[in-house]
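Per-entry structural report
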Amino acid sequence: MLQHQDWMRLALEQARQAFAQGEIPIGAVVVHHDKIIAAAHNEKEKRQDPTAHAEILAIRRAAKALETWRLSEATLYVTLEPCPMCAGAMIQSRVARLVYGAMDRKGGAVESVMNVLDFRCWNHRLEVVAGILEDDCTELLTSFFAGLR
């Protein structure tokens, strides 16, 4: 059985693909019963779609793979703490567990800026594991933004 670090390395591979395409390097994989059922990276620039975040694309692909919108036995691995939109999508899709790498101190919606997942009125709760390969995830983002300056 693979560990969180192993799955996060695969999410980092997705993030590197985004970097190579000039996208903000965020990658995500969805794991269901120890198997990747979806992988994605940011495609906002490519699609000219503000919702084309790695998490959203991965959730859509996972739902298609399982033929259900309920991802109640799935874990989403993502290299950066999700934004409010992506955190909301995790609640709506009933993701069982979120595992992320780096904190997003400007727009994170799991612990940094706000906690969308911990709103007491939601009828779904998910487990959160933070800081997996945080240094690697942060370094990739820092390198990307340094190249833009």
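Criteria and thresholds
Residues numbered from 1 in each chain as written. Predicted model: local features only at pLDDT ≥ 70, side-chain atom pairs only at ≥ 80, totals over all residues. Heavy atoms only, no water. Phe/Tyr/Trp six-rings, centres within 6.5 Å; stacked < 30°, edge-to-face > 60°. Helix = DSSP H or I, 4+ residues; strand = E, 2+ residues; numbered from the N terminus. Buried < 20%, exposed > 50% of the residue type's maximum accessible area, 1.4 Å probe, protein only. Pairing = 2+ DSSP bridges. Axes fitted to C-alpha atoms, helices over the stretch in contact; angles between N-to-C directions. Contact = heavy atoms within 4.5 Å. Expected span 1.5 Å × (residues − 1). Arc of directions from axis to C-beta. Right-handed = clockwise from strand over helix to strand, strands pointing away. Parallel < 35°, antiparallel > 145°, perpendicular 65-115°, else oblique. Left-handed = near helix turned anticlockwise from the far one by under 90°. Nonpolar A, V, L, I, M, F, W, Y, C, P; charged D, E, K, R; others polar.

1. So, the packing of aromatic side chains
- A full pass over the atoms with the stated rule returns 4 aromatic pairs.
- Here the aromatic rings of W7 and Y77 are separated by 6.4 Å at their centres, their planes lie at 35°, and the arrangement is tilted. Of the two residues, W7 is situated in helix α1 (residues 4-20) and Y77 in strand β3 (residues 74-80); the sequence distance between them amounts to 70 residues.
- Classification of W7 by relative accessible area gives buried; the value is 5%.
- On the accessibility criterion, Y77 (4% relative accessible area) is buried.
- One aromatic cluster is present, built from ring pairs that chain together F19, F144 and F145.

2. Topic: the sheet that holds strand β4 (residues 97-102)
- Here we have 5 strands laid out as an open sheet, ordered β2-β1-β3-β4-β5, and mixed in their pairing. Of all strands in the sheet, those with a lone pairing partner are β2 (35-41) and β5 (127-130), marking the two edges. Neighbour-to-neighbour, the strand axes of this sheet turn through a mean angle of 15°, independent of strand direction.
- The pairing of strand β1 (residues 27-32) with β2 spans 6 bridges and is antiparallel.

3. Structural notes on the side chain of H41
- Relative to the elements of secondary structure, H41 occurs in strand β2.
- If we skip the residues at most four places from it in the chain, H41 touches Q14, Q17, A18, Q21, I26, G27, A54 and L57.

4. Quick look at helix α5 (residues 134-148)
- The end-to-end C-alpha distance of α5, which contains 15 residues, comes to 22 Å, matching closely the 21 Å that a straight helix rising 1.5 Å per residue would cover.
- Considered for burial, the residues of α5 that qualify are C137, L140, L141 and F144. An end-on view of α5 places all buried positions within 90° of arc, on one side of the element. Exposed positions of α5 whose direction lies more than 90 degrees from the buried face are D135 and E139.

5. A word on the pairing of β4
- Of all the 6 residues making up β4, 5 are buried; the element is thus mostly covered by neighbouring parts of the structure.
- When β3 meets β4, the two strands line up parallel, connected through 5 bridges. Of the residues in β4, the one forming a bridge with V78 is Y100.
- For the crossover that starts at β3, traverses helix α4 (residues 84-92) and ends in the parallel β4, the hand is right-handed.

6. Quick word on the packing of helix α3 (residues 54-66) against α4
- As a packed pair, α3 and α4 sit with axes 9 Å apart at the nearest point and diverge in direction by 20°. Classed by the angle they form, the pair α3 and α4 counts as roughly parallel. As α3 packs across α4, the resulting crossing turns out to be left-handed. Residues E55, I56 and I59 of α3 touch α4, and the partners they reach there are M85, C86, A89 and M90.
- Looking at the contact of α3 with α4 residue by residue, the classes come out as 6 nonpolar, no polar and 1 charged.

Note that every value here comes from positions in space, so none of it alone points to a role or purpose.
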